[in-house]
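Structural overview
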Amino acid sequence: MASEVPTGSTTNGEGRILRPYGDTTGDGMVQVSFTLPVSSLGAHSKLAEGAATQLANKMGIEPALVVHAKAMGPDFTFFVVYGRVNHLVDTSKVRVVERDYPLLTPKEVNAAVKSGLRRRLTIVGACIGTDAHTVGIDAILNIKGFAGEKGLEYYREIKVVNLGAQVSVPQLVARAQEEKADAILVSQVVTQRDAHILNTKEMSAAFREAYPSDRRPLLIVGGPRFDEAIAPELGVDRVFGRGTTPGEVASYLVHRLVTNRRPAPTKAKAS
Ligand code: B12
């Protein structure tokens, strides 16, 4: 029988050991790009390329070849470097957040909400802080959707309140309370100075402050540069990254708010 292990990789019992592939399988070749605060204009070009090579060598790329250098104004240069790394990837040590709930069709989502909640599920979405990148949250919420899937507005049993861009945390909390939101969907695309981390932590802290723990809406954050594994550190229930589709989010909402819903607190009986 033919081996299922592709050329350029070996097995270690549990997983596979991989090497990058550039020109020939398993040759270890990678390509990286970065900008250095160094001029590459005129007489400075050799020094700039040398600086890029030195950085690449320190990153473990050896030999490193500068295949592209472009001045970004007088004081900065953008580089693309191609070269060999000796590092190996062990797939048995890769840690990722796997989807731990079934993917449902819109019809199944609607049916589950209708029979399980007996009312529409309300979600409030926004880009918080100064972030004005609404395309991502709109891809999830707007009816036209993303990647061939309709957005959550298409789901009959989901009420979507999309607050748009640059919403402050107090505004978001107030609207969530007004709407009696079941879930909050926040988008953070700008990551400069860790804005996405700080804003999300501020948001989750505000919701914990504003709600008793058993009444707090489900907190979901998404954006292209989030590590999906850091939900606990951010104080949210789930993080969705690059390429998320509306169906994944709708299915998660059903999983957490319908199928595995926390039981409502029982009222103490008068004696
Ligand atoms: C379009 C765009 C803009 C538009 C935004 C228009 C709009 N209405 O959204 C405009 C021109 C306004 C803009 C402005 C700026 N931008 Co801009 N912009 C982009 C660009 C080119 C595309 C972003 C995009 O639309 N992606 C498509 C969507 C569908 O993908 P997505 O956001 O990743 O969303 C998906 C997932 O992440 C996930 N998701 C996202 N949010 C959520 C939320 C939830 C709840 C869930 C479940 C999932 C989810 O689902 C989506 C579908 O899969 C990116 C570069 C790039 N190629 O990504 C830069 C980029 C994001 N911008 C950048 C910057 C720096 C800026 C500015 C600061 C530029 C400036 N100096 O003025 C300003 C900031 C404005 C502000 N106050 O926020 C940087 C950010 C760098 C960083 N490290 O933070 C980028 C990366 C460009 C770059 N390489 O430098 N920008």
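Note: the structure precedes this text.
The rules behind each value
- Residues numbered from 1 in each chain as written.
- Predicted model: local features only at pLDDT ≥ 70, side-chain atom pairs only at ≥ 80, totals over all residues.
- Heavy atoms only, no water.
- Phe/Tyr/Trp six-rings, centres within 6.5 Å; stacked < 30°, edge-to-face > 60°.
- Helix = DSSP H or I, 4+ residues; strand = E, 2+ residues; numbered from the N terminus.
- Buried < 20%, exposed > 50% of the residue type's maximum accessible area, 1.4 Å probe, protein only.
- Lys NZ or Arg CZ within 6 Å of the ring centre and 35° of its normal.
- Pairing = 2+ DSSP bridges.
- Right-handed = clockwise from strand over helix to strand, strands pointing away.
- Near = heavy atom within 4 Å.
- Nonpolar A, V, L, I, M, F, W, Y, C, P; charged D, E, K, R; others polar.
- Salt bridge = Lys/Arg side-chain N within 4 Å of Asp/Glu carboxyl O.

**A look at the packing of aromatic side chains**
Under the criterion given, the structure shown has five aromatic pairs. Look at phenylalanine 34 and phenylalanine 79: their rings are 5.9 Å apart centre to centre, the planes differ by 45°, and that puts the pair in the tilted class. One end of the pair, phenylalanine 34, is in strand 3 (residues 29–36); the other, phenylalanine 79, is in strand 5 (residues 77–85), and 45 residues separate them in sequence. You'll find phenylalanine 34 and phenylalanine 79 in the same group, each marked buried. With 5.9 Å between their ring centres and 15° between their planes, phenylalanine 207 and tyrosine 211 make a pair best called stacked. We classify tyrosine 211 as buried; its relative accessible area is 14%. In this structure an aromatic cluster arises from ring pairing among Tyr101, Phe240 and Tyr252. Taking NZ or CZ as reference, arginine 99 lies 5.9 Å from the ring centre of tyrosine 101, over its face.

**Observations regarding the pairing of strand 7 (residues 121–127)**
The buried fraction of strand 7 is high, at seven of seven residues. A two-sided burial pattern is seen for strand 7, the buried positions comprising Leu121, Ile123, Gly125 and Cys127 on one face and Thr122, Val124 and Ala126 on the other. Summarising the sheet, strand 7 and strand 8 (residues 158–162) pair through five bridges and their orientation is parallel. The residue of strand 8 that forms the bridge with valine 124 is valine 161. What joins strand 7 to strand 8 is helix 3 (residues 135–141), and the crossover it makes is right-handed. Both strand 7 and strand 9 (residues 183–187) contribute to a ladder of five bridges, which runs parallel. Bridged to cysteine 127 within strand 9 is serine 187.

**Describing the site of the ligand**
Within the structure, the ligand sits among 29 residues, and Ala132, His133, Ser187, Thr191 and Thr244 are positioned closest to it. Those elements that provide at least two residues to the shell around the ligand are helix 3 and strand 9. Here the shell around the ligand gets five residues from one element, more than from any other, and that element is helix 3. In terms of residue class, the shell around the ligand is made up of 13 nonpolar, 13 polar and three charged.

**Some details on the pattern of salt bridges**
Enumeration over the complete set of coordinates arrives at eight salt bridges. Where arginine 156 meets glutamate 157, a salt bridge forms, and the shortest distance between an N and an O atom there is 3.5 Å. A salt bridge links aspartate 237 to arginine 256; its shortest N-O distance comes to 3.8 Å. With aspartate 237 in the loop between helix 6 (231–234) and strand 11 (238–240) and arginine 256 in helix 7 (residues 246–259), this residue pair connects regions lying 19 residues apart in the sequence. Residues joined by salt bridges that share partners form a network here, namely Lys159, Arg175 and Glu179.

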